[in-house]
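Each chain is listed here by its residues.
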Amino acid sequence: MEQNRTRLTIVNMLALLAAAAAGFVLARTSQSLAAYAALPFVALGLVVSAVSYFHMRLVEREKLEQLEYDELTKSPSASALFNKGETESLPARRSRRQFEKFFLPGVAILLLLSQAAGVFFLWRWLMKPPVAPLNNPALLAAIEAIFFIVLFLLGRFTLSLSKLENQRLLRPVASFVLANAYLLGLVGVATVFVIAGFPHLDLYVARALVILLGFIAVETLLTLLMEVYRPRVRGKEVHLLHDSRVMGLLAQPESLFTTAAHALDYQFGFAVSQTRFFLVLQKQLAWIIAVQVLFLVLSTTIVVIEAGEEALLERFGKPVATRGIVGPGLHVKFPWPVDKIHRYRTEQIQEFEVGLASEEGEEEKHEKTVLWTVSHTKDEFNLLVASREVGAVTNSDIKKSPPVNLLSVGIPVQFQVTNLTAWAYSNAQPDQLLHKIATREVVLYLVSADLNEIMSTARSAAADELRHRIQTAANERGLGARIVFVGLQDIHPPVAVAGAYEKVVGALQTREARILAATAQAAQTNALATARAYRTVREAESERDRTKAFALARAASFTNQIPAYRAAPSVYTERAYVQALARNGGNTRKYVLATSNTEDVILFNLEDKLRTDLLDVQLPAPKAK
């Protein structure tokens, strides 16, 4: 019987070795992530089987040695040969104890390190897995099914044998073989679902297997810690360090129900597990779970599409031509995984950011005021922008630097899905593709744009041009989306140089203001000088014309007076004299001397007299006393 037990262990080792080799080859050829993640469990089962094999060999040698020792010690003549003590007389027992004392803890430590390393590297790899379809998944599913059947039969037979003959050394082998059968079966089922049109299920199963490996690593660590502090009782069997309770639970899920029954019996103080209700529940548990699963599957036949959404119906991963696009409302379909609904927000305006979006709560922090000199993003996204300004170069031998600048951008792009079929089926991950197209067009446009123009007068035109370019590129790829808006509000120089840029812009504005002020002053001064020159010329011309007219008038007057003078000289003279007096003496005081032949002395008082109105002032009447 002992030989049958070791042979069974060897058979299990060979089956696990074949599963490991075939699984590695299939994982490499098919690029299945779940197949890669299942390899550490097969390797652990192979190591545990090898350790159990050597352990059983030592136990067999110890039993044979004990039988020989008992036979030899029965004769009185042989008692003198074994007076050295039992330890020195039984080397196989000593080897077995040293194996359990030193080798098994060492193997457990190596298993812990390998499990931790497997979890670390596999999880890092699965965070950024290679995006590629499976190669020949049907072959992978078939091979995994074959190994599931082989390992399942071997595991169940080994487990039954360990229970019937109370062989605790067979339990770790049976647990790992049977658990590996279930895990390889899970990989095969996941591959079938990948064939049915669920490509992401392979990644999900791989991550679940890595998490399970992490639980086993934690269990191994706790087992080692408890082994250090457990009380040593001579002759009492202890838990094997390489025997995983987690793998045993996977291999025997019914043991969980038995454990729960014993816990209830202990808690309530009587045999709860022997009551009618508990026995019926234990017998009908599979049916209860089946009914729940049935209701869960039936619940997937009813689909509610919200307002503003549209959905695509797929049957076995392919579009259903008769249903087309499913609109808002209540709909009925075949249960999952036969039919699957993909929802899309077709009426909602969606948005993504080219560059870096603002931090959460940034608007509240700055009260909706964003300064160039204050960072409002977690990191800057700088792009090259052309510039027409070239710095002066004093040395002609020095090469001029290219006229480019850096611009920190955060450009929101808003779009709407207009053709759902093209959006869903023409390209993989259309939202990411649209984001990359927008980023490419922004980079290409900014390289050919002028910094000062795009920061000032050409911003609106640049937004329209970018929207047109992104829309054209999206139409060429058949995305079925309409670009609604492209915003250039959050474009500015990098925060590190924003202050210097503002100073340069301020200096340019100051220079422009001074130039305009000087131009206005020059225009005002020139206009005033021109007006004064024009007035002076016109006044001179007017004076010239007046002088000429006056001279001509005097000449004409003199010419016209000559005939009158010639006709009556005395009369003309007296008349001219009287006219002169009348013309020039109208406002002067005149004295007429009526007498003649007298020698009068006339005295003139030329002093200014006081006005009579100032002397004729009426004084108020005296008041009566």
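**Quick notes on helix H17 (residues 569–584)**
The end-to-end C-alpha separation of H17 is 22 Å, in line with the 22 Å expected for 16 residues at 1.5 Å each. Of all 16 residues that make up H17, zero are buried, and the element is exposed over most of its length.

**Thoughts on the packing of aromatic side chains**
Scanning the entire structure with this criterion turns up eight aromatic pairs. The interplanar angle of 70° and the centroid separation of 5.6 Å between the aromatic rings of tyrosine 53 and phenylalanine 54 together place this pair among those described as edge-to-face. Ring geometry for tyrosine 565 against tyrosine 572: centres 5.8 Å apart, planes inclined by 75°, an arrangement best described as edge-to-face. Take tyrosine 572: its relative accessible area is 24%, and that puts it in the partly exposed class. Among the aromatic residues, those joined into a cluster by ring pairs are Phe148, Phe152 and Tyr182. It is arginine 538 that lies over the ring of tyrosine 534; its NZ or CZ is 4.6 Å from the centre.

**Structural notes on the confidence of the model for the protein chain**
Residues of the protein chain with pLDDT of at least 70 account for 74%, and the chain-wide mean is 76. No element of the protein chain has a lower mean pLDDT than helix H11 (residues 362–366), at 46, and none a higher one than strand S10 (residues 481–486), at 87. Across residues 390–394 the pLDDT falls below 50, and counting only partners more than four positions away or on other chains, this stretch makes four contacts in the model.

**Describing the pairing of strand S2 (residues 310–315)**
Bridge count for S2 against strand S6 (residues 339–344) is six bridges, and the pairing is antiparallel. Paired with glutamate 310 across the two strands is tyrosine 344, which belongs to S6. As paired elements, S2 and strand S4 (residues 325–326) share two bridges and run antiparallel to each other. Counterpart to alanine 311 in the pairing with S4 is valine 326.

**Things to note about the side chain of aspartate 339**
Its place among the elements puts aspartate 339 in strand S6. In terms of polar contacts, aspartate 339 uses its side chain to reach the backbone amide nitrogen of phenylalanine 334, at 3.0 Å. When sequence neighbours within four positions are dropped, the list of residues in contact with aspartate 339 reads Leu313, Glu314, Arg315, Lys333 and Phe334.

**Things to note about the environment of alanine 449**
Tracing the chain through its elements places alanine 449 in the loop between helix H13 (430–448) and helix H14 (451–454). Residue alanine 449 is classed as buried on the basis of its relative accessible area, which comes to 9%.

**Examining the side chain of glutamine 416**
One can find glutamine 416 in strand S9 (residues 404–417). The buried category is assigned to glutamine 416, whose relative accessible area is 16%. Only 3.3 Å separates the side chain of glutamine 416 from the backbone oxygen of threonine 346, close enough to count as a polar contact. A distance of 2.8 Å separates polar atoms of two side chains, one belonging to glutamine 416 and the other to arginine 482. Excluding residues that lie within four positions of it along the chain, glutamine 416 makes contacts with Thr346, Glu347, Gln348, Ile349, Gly480, Ala481, Arg482 and Val484.

**Focus on the nonpolar core**
Among the nonpolar cores identified, the biggest contains 45 residues, and Phe41, Leu151, Leu184 and Leu209 are the most heavily contacted of them. Secondary-structure elements contributing two or more residues to this core are helix H1 (2–30), helix H2 (33–74), helix H4 (91–127), helix H5 (137–164), helix H6 (171–195) and helix H7 (201–229). Ranked by residue count, the leading element in this core is H2, at 13 residues. In contact with leucine 209, not counting residues within four places along its chain, are Ala34, Ala37, Ala38, Phe41, Leu183 and Val187.

**Considering a nonpolar patch on the surface**
Judged by side-chain polarity, Val218, Leu221, Leu222, Leu225 and Met226 come together as a nonpolar surface patch covering roughly 460 Å² of accessible area. Of note, methionine 226 is situated in helix H7.

**Structural notes on unusual backbone geometry**
The residue glutamine 31 is not glycine, and still its phi comes out positive at about 60°. Looking at where glutamine 31 falls in the secondary structure, it is placed in the loop between H1 and H2. Residue class for glutamine 31 comes out partly exposed when judged on its relative accessible area of 35%.

**A closer look at H6**
An ideal rise of 1.5 Å per residue puts 36 Å on 25 residues; H6 measures up with 36 Å between its terminal C-alpha atoms. Most of H6 is tucked away: 18 of the 25 residues are buried.

**Focus: the packing of H4 against H7**
With their axes 9 Å apart at the nearest point, H4 and H7 run at an angle of 150° to one another. Taken together, the axes of H4 and H7 lie roughly antiparallel to each other. As H4 runs across H7, the sense of the crossing is left-handed. Together, Pro105, Ala108, Ile109, Leu112, Gln115, Ala116, Gly118, Val119, Leu122, Trp123, Leu126 and Met127 of H4 and Leu203, Ala206, Arg207, Val210, Ile211, Leu213, Gly214, Ile216, Ala217, Thr220, Leu221 and Leu224 of H7 make up the contact between the two elements.

**A closer look at the pattern of salt bridges**
Per the stated rule, a full pass over the model turns up eight salt bridges. In this structure, the salt-bridge partner of arginine 535 is glutamate 539, at a minimum N-O distance of 4.0 Å. Within this pair, arginine 535 and its partner glutamate 539 are both found in helix H16 (residues 495–567), separated by four residues, close to a single helical turn.

**Section: the packing of H6 against H7**
At a minimum axis distance of 8 Å, the contact between H6 and H7 shows a crossing angle of 160°. Taken together, the axes of H6 and H7 are roughly antiparallel relative to one another. For the element pair H6 and H7, the recorded crossing hand is right-handed. For the pair H6 and H7, the contacting residues are Leu183, Leu186, Val187, Ala190, Phe193 and Val194 in the first and Leu201, Asp202, Val205, Leu209 and Leu212 in the second. Tallied by class, residues from the contact of H6 with H7 come to ten nonpolar, no polar and one charged.

**What to know about the environment of leucine 466**
The residue leucine 466 is located in helix H15 (residues 459–476) in this model. You can call leucine 466 buried: its relative accessible area is 0%. For the pair leucine 466 and alanine 438, spaced 28 residues apart in the sequence, the C-alpha separation amounts to 8.3 Å. Discounting residues that sit within four places of it in the chain, leucine 466 has contacts with Glu441, Val442, Tyr445, Val486 and Leu488.

Cut-offs used in this document
Each chain has its residues counted from 1, running along the sequence as written. Residue-level local features of this predicted model are given only where pLDDT is at least 70; pairs of side-chain atoms are given and counted only at 80 or more, and the full residue set underlies all totals for whole chains, interfaces and linings. Excluded from the side-chain calculations are hydrogens and water; all other atoms, namely the structure's heavy atoms, are used. Runs of E in the DSSP output that reach at least two residues are strands. Runs of H or I that reach at least four are helices, and both are numbered from the N terminus. Each helix should span, by expectation, one fewer than its residue count multiplied by 1.5 Å. For every residue, the accessible area (1.4 Å probe, protein chains only) is compared with the maximum for its type, and the residue is labelled buried under 20%, exposed over 50%, or partly exposed between those bounds. Two aromatic rings, drawn from Phe, Tyr or Trp (for Trp, its six-membered ring), form a pair once their centres lie within 6.5 Å of each other, and the interplanar angle then sorts them: stacked below 30 degrees, edge-to-face above 60, tilted otherwise. Our definition puts a charge over a ring when NZ of Lys or CZ of Arg is within 6 Å of the ring centre and also within 35 degrees of the ring normal. Per-residue confidence from the predictor is reported as pLDDT, a score between 0 and 100. Contact definition: two residues touch when any of their heavy atoms are within 4.5 Å. Two strands pair under a simple rule: DSSP has to find at least two bridges between them. Counted as a polar contact is a pair of N or O atoms within 3.5 Å, where, for protein atoms, one must be capable of donating a hydrogen and the other of accepting one, and residues adjacent in sequence contribute only when both atoms are in side chains. Take the buried residues of types Ala, Val, Leu, Ile, Met, Phe, Trp, Tyr and Cys, join any two whose side-chain atoms come within 4.5 Å, and each joined set is a nonpolar core. Patch members must show over 30% relative accessible area and no salt bridge, and they are joined within 9 Å when carrying like charges or within 5 Å when they are nonpolar side chains of Val, Leu, Ile, Met, Phe, Trp or Tyr. Note that accessible areas follow from Shrake-Rupley with a 1.4 Å probe, and for residues the cover is restricted to the protein chains shown. Salt bridges, as used here, are contacts in which a Lys or Arg side-chain nitrogen is within 4 Å of a carboxyl oxygen on Asp or Glu. Geometry is summarised by axes, namely lines fitted to C-alpha atoms with helices restricted to the contacting stretch, and by angles between N-to-C directions that run from 0 to 180 degrees. Each angle receives one of four descriptions, namely roughly parallel if under 35 degrees, roughly antiparallel if over 145, roughly perpendicular if within 65 to 115, and oblique otherwise. It is the rotation of the near helix from the far one that decides the hand of a crossing: anticlockwise by less than a right angle makes it left-handed, clockwise makes it right-handed. The classification used treats Ala, Val, Leu, Ile, Met, Phe, Trp, Tyr, Cys and Pro as nonpolar, Asp, Glu, Lys and Arg as charged, and all other residues, Gly among them, as polar.

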